[in-house]
Amino acid sequence: MRKLPTIILLCGGSAMLAACGSGGFLNRERPDEFAVQRQAPLVVPPDFNLVPPAPGAPRPSEGTAAEQALEVLFGGPAPRSAVETSALDRAGSAAPGIRSSVGDPQTNTVAKGSVTRDIIAAPEGDGQNSQAIIPS
C-alpha cells in the first residue's frame, strides 16, 4: 500500500520531465519563433537634407515639456469657444496675491450652510449604519 503513492509520484514526475524535452512520447510540433515574421532589409534613404548643428547654436525650437504634452494629448492648443471666452471675461482676472491670502482669517468666504458644517464635523465611523438616499 505504501508503494502505490510513490509509484504515482514517480510516473507523474517523469511525465512532467518528458514534457520539457524535444523528443519522447509527448512530442509535438512547435512554431519556430524566428520564422514567424520575415524581416525586411534595412534601406538607407537616398536623400539626407539634414544639416549638422553649428557648435554652440541653440537646439531647434521643440517647445517646453508642457507644450509637448499638450501637443501629444490634444493636438495643440485649441481655440476657446464663445461660451468659455464669455465666462472668463465675466470672471475677470484674479488678484496677484490671492493664493497667499486664502488662509488668512480676514479673508471673506462663502457660507456653505449648516449641512456642510455638520458633514465636516461628523465623527468618523466604520460605515455600518451608513445609507444613501437618492432624491427623486
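Residues numbered from 1 in each chain as written. Predicted model: local features only at pLDDT ≥ 70, side-chain atom pairs only at ≥ 80, totals over all residues. Heavy atoms only, no water.

A look at the overall build of the protein
Next, step 1: Scanning the protein from N- to C-terminus turns up 5 helices and 0 strands.
Next, step 2: Going from N to C terminus, the protein has its helices and strands arranged as α-α-α-α-α.
Next, step 3: Within the span of the protein, comprising 136 residues, buried residues form 1% of the whole.
Next, step 4: Total accessible area computed for the protein in this model is approximately 14,100 Å², and 61% of it derives from carbon and sulfur atoms. (Helix = DSSP H or I, 4+ residues; strand = E, 2+ residues; numbered from the N terminus. Buried < 20%, exposed > 50% of the residue type's maximum accessible area, 1.4 Å probe, protein only. Areas by Shrake-Rupley, 256 points an atom, 1.4 Å probe, with all protein chains shown as cover.)

Section: the pattern of salt bridges
Next, step 1: Throughout the structure, instances matching the rule amount to 1 salt bridge.
Next, step 2: Where Glu84 meets Arg80, a salt bridge forms, and the shortest distance between an N and an O atom there is 3.6 Å.
Next, step 3: Look at Glu84 and you get partly exposed, because its relative accessible area is 38%.
Next, step 4: Overall, the relative accessible area of 55% leaves Arg80 in the exposed class. (Salt bridge = Lys/Arg side-chain N within 4 Å of Asp/Glu carboxyl O.)

Considerations on the confidence of the model for the protein
Next, step 1: Per-residue confidence for the protein averages 77 on the pLDDT scale, and 83% of its residues sit at or above 70.
Next, step 2: Averaged pLDDT values over the elements of the protein bottom out at 74 in helix α4 (residues 98-101) and peak at 90 in helix α3 (residues 82-91). (pLDDT = per-residue confidence, 0-100.)

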